[in-house]
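Chain by chain, the residues:
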Amino acid sequence: MPLEIKGSTLVSEGSPTSAIGVGKIKMFENLTNKLEGIFSKLKKAPSLNKAQVETGLKEIRQALLSADVALPVVKKFIEDIKPKAIGQEIIRSTSPGQMLVKIVYDQLVEVLGGKVENIDLKAVSPASILLVGLQGSGKTTTAVKLAKNIEKNFKKKILLVSLDVYRPAAQEQLRILCEKNNLNVLPIIKDQLPIDIAKRANNAANLSGSDIIVFDTAGRTQIDLNMMTEIKNIKAETNPVETILVADSLTGQIAVKLASEFDKAVELTSIILTRVDGDGRGGAALSMKQTTGKPIKFIGVGEKINDFEPFHPDRLANRILGMGDIVSLVEKASQDLDEEKIKAAEENLKKGAFTFEDYLMQIRQMKKMGGMEGVLSLLPGVGKVKEKMQNANVDEKLLSANEAIILSMTKKERQNPEIISGSRRKRISLGSGTDVQTINRLLKQFKMMSKMMKKMSKGNMPEGKIPDELLNNLK
Ligand SMILES: Nc1nc2c(ncn2[C@@H]2O[C@H](COP(=O)(O)OP(=O)(O)OP(=O)(O)O)[C@@H](O)[C@H]2O)c(=O)[nH]1
Ligand SMILES: [Mg+2]
């Protein structure tokens, strides 16, 4: 498949760093589609006059507003790009559309915060991190995600503590999550007040040699005075190096307003946006930094503990503009894959020889990269292919089923699928818990894939194009 070939080429060139997972940024899909539409019109024009650029800017303004970006942020965005966009450089340029994309890209990166902002751990041990936010914004889950992230990347010993004495079983929720994820959690003492728990946590961290204490706090349905007073007191007691607002990105502008209010009350140091995997409109992420002056340091992209990533303004800007997050893809791929195996598979493909072993590797690669959709969401210009695949209803479970079937084949069978006779099919179906019909279908699909690979290796198929026949067969 073209995806793997592309990925593997990049792997051998790219240098792996610490990308954490690949998120699906659904919430920018609409904005991306609109911007792609605006730019594709502009890119087609051999030259642009001032009026055309101005129309383009108006459309960009509209697209941002309908993505729920705060009005002052949109105004400033357009004001900042306008002088560059209607400058002589663009009008005289031979590829004015491209230049405009670059200008918008730079500005988007800027609005999103410019560079990656790391978590601040420069404090005398034990350093405290305080998580605050509204009820249900994701504080408890985020406490565990963040702790896991710090443990993995900074090799620190962490103690987690719940100061939520209000919601029944809130402390228990954190304890269970920590135990599941092998993290230390402060034992619960019934009826203790938050301030007293915080003091106890500090002692416990000192005794156990913990470097960091992550405090999960109680949420409220709305910001009220009592809540703010309590958090101020907790902050004074814990003296955190980071005071992080955990904000639900699905709440859009409310999240942004909330951030300003929390900041006034407890002076935030940073923000973690949760539910970026949801289908909100993305405005919160785009407005947060400029409205509050506080950086987004991480994003939550799912319910699982690993669904958590450092926030990369440049990568998000890439993805918003539909340019594809190639860097993430490279890093994700190099994290998970065995380069030599890929090289070997690539060689096979070039020769037009495609075996079930290659296919097995591809399935595993695809699963690791977050499935078909995960891979597609990272590639530039695949909006259409993605749509097509969604329409075609490609079942991700099928990947796992196919994996089981291939694992039930002998080595010989994997290398020479043509020897798989009726009795062999029966044995394989028993081994993989499927039926002969499913095996027949996979064999047919495999045959079609090999044909496609052969075509591709001869350069007969444009990259990224998935033929209908294959799609239909994946259903
Ligand atoms: N899809 C998705 N779900 C999330 C994310 N973060 C948290 N959740 C889910 O949101 C729900 C609430 O999360 P909690 O961590 O309990 O939220 P909380 O802020 O601690 O809630 P309270 O303690 O009641 O104020 C849970 O079901 C989480 O799994 C995320 O980034 N994406
Ligand atoms: Mg909670």
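This text goes with the structure placed above it.
Being a predicted model, the structure only gives us computed values, none of them experimental.

A. Region of the structure containing the overall build of the chain. Looking only at helices and strands, one finds 23 helices and eight strands in the chain. Nonlocal contacts in the chain, meaning residues at least 24 apart in sequence, comprise 77% of its contacts between residues at least 6 apart.

B. Spatial organisation of the sheet that holds strand S4 (residues 212-216). With mixed pairing, eight strands are arranged side by side in an open sheet as S3-S2-S4-S1-S5-S6-S7-S8. Both outer strands of the open sheet, strand S3 (184-185) and strand S8 (308-310), are each paired with one neighbouring strand and no more. Pairing between strand S5 (residues 242-248) and strand S6 (residues 270-274): five bridges, direction parallel. Its bridge partner lying in S6, Ile-244 is registered against Ser-270. On the sheet, helix H7 (residues 139-154) packs against strand S1 (127-132), strand S2 (158-162), S4, S5, S6, strand S7 (296-300) and S8 and is oriented at approximately 165° with respect to S4.

C. Main features of H7. With 16 residues, H7 ought to run about 22 Å at 1.5 Å a step, and its terminal C-alpha atoms sit 21 Å apart, in line with that. Of all the positions in H7, only Lys-139, Thr-140, Thr-141, Thr-142, Ala-143, Val-144, Lys-145, Leu-146, Ala-147 and Asn-149 are classed as buried.

D. A look at the packing of helix H2 (residues 29-44) against helix H3 (residues 50-66). Contact geometry for H2 and H3: axes closest at 10 Å, N-to-C directions at 175°. As the angle between them shows, H2 and H3 are arranged roughly antiparallel. Facing H2, whose interface residues are Leu-31, Lys-34, Leu-35, Ile-38 and Leu-42, H3 presents Gly-56, Glu-59, Ile-60 and Ala-63. For the contact of H2 with H3, a count of residues per class yields six nonpolar, one polar and two charged.

E. Structural view of the site of ligand 1. As a structural note, the neighbourhood of ligand 1 is formed by 20 residues, with Gly-138, Thr-140, Thr-141, Gly-219 and Gly-300 the closest of them. Across the shell around ligand 1, the residue classes break down as two nonpolar, 12 polar and six charged.

F. The pairing of S5, seen in detail. Burial runs high along S5: seven of the seven residues are buried. What you see with S5 is no split at all: Glu-242, Ile-244, Val-246 and Asp-248 on one side and Thr-243, Leu-245 and Ala-247 on the other are buried throughout. Sheet analysis places S1 next to S5, joined by four bridges and oriented parallel. Across the sheet, Leu-130 pairs through a bridge with Thr-243, a residue of S5. As a crossover connection, the stretch from S5 through helix H11 (residues 253-266) into S6 is right-handed.

G. Local environment of helix H13 (residues 313-320). Counting buried residues along H13, seven of its eight residues qualify, which places the element largely inside the surrounding structure. Turning to H13, its buried residues are Pro-313, Arg-315, Leu-316, Ala-317, Asn-318, Arg-319 and Ile-320. Among the residues trailing H13, Gly-322 stands out with phi positive, at a value near 70°.

H. Up close: the packing of H11 against helix H12 (residues 283-292). Contact geometry for H11 and H12: axes closest at 8 Å, N-to-C directions at 25°. With respect to H12, the element H11 is oriented roughly parallel. The chirality of how H11 crosses H12 is right-handed. Of the residues in H12, those in contact with Gln-253, Ala-255, Val-256, Ala-259, Ser-260 and Asp-263 of H11 are Gly-283, Ala-284, Ser-287, Met-288, Thr-291 and Thr-292. Taken together, the residues of the contact of H11 with H12 break down into five nonpolar, six polar and one charged.

I. Geometry of the nonpolar core. Leu-160, Val-214, Ala-259 and Ile-271 are the most contacted members of the largest nonpolar core, which totals 90 residues. Ranked by the residues each element gives to this core, the list is headed by helix H6 (residues 96-111), at six residues. Residues lining this core come from more than one domain, with at least three contributed by each of domain 1 (24-111) and domain 2 (127-311).

The rules behind these values
- Numbering of residues starts from 1 in each chain and follows the order in which that chain's sequence is written.
- Chains carry letters and ligands carry numbers; both start at the beginning, A for chains and 1 for ligands, and go up in the order they are written.
- Reporting of local features is limited, given that this is a predicted model, to residues whose pLDDT is at least 70; pairs of side-chain atoms are given and counted only at 80 or more, and all residues count toward the totals for whole chains, interfaces and linings.
- Numbering of helices and strands runs from the N terminus, with a helix taken as a DSSP run of H or I at least four residues long and a strand as a DSSP run of E at least two residues long.
- We call two residues in contact if the C-beta atoms placed from their backbones are at most 7 Å apart.
- Two strands qualify as a pair provided that DSSP identifies no fewer than 2 bridges between them.
- Orientation is described by axes fitted as lines to C-alpha atoms, over the contacting stretch for helices, and by angles from 0 to 180 degrees between their N-to-C directions.
- A helix is expected to reach a length of 1.5 Å times the quantity of its residues less one.
- The burial label depends on the number of other C-beta atoms within 10 Å of a residue's C-beta. Counts of 20 or more mean buried, 12 or fewer mean exposed, and intermediate counts mean partly exposed, with C-beta atoms placed from the backbone.
- Under this scheme an angle from 65 to 115 degrees is roughly perpendicular, one under 35 degrees roughly parallel, and one over 145 degrees roughly antiparallel; angles in between are oblique.
- Any residue outside Ala, Val, Leu, Ile, Met, Phe, Trp, Tyr, Cys, Pro, Asp, Glu, Lys and Arg is labelled polar, Gly included; the first ten of those are nonpolar and the last four are charged.
- Each residue gets a C-beta atom placed from its backbone. Should that atom fall within 6 Å of a molecule or strand, the residue is termed near it.
- Classification remark: right-handed applies to a crossover when, strands pointing away from the viewer, the course from the first strand over the helix to the second runs clockwise.
- Note on convention: the crossing is left-handed when the near helix lies turned anticlockwise from the far helix by less than a right angle, right-handed when the turn is clockwise.
- In these notes, a nonpolar core means any group of buried Ala, Val, Leu, Ile, Met, Phe, Trp, Tyr and Cys residues linked to one another through C-beta atoms within 7 Å.
- Domain start and stop positions are those given by an automatic or database domain assignment.

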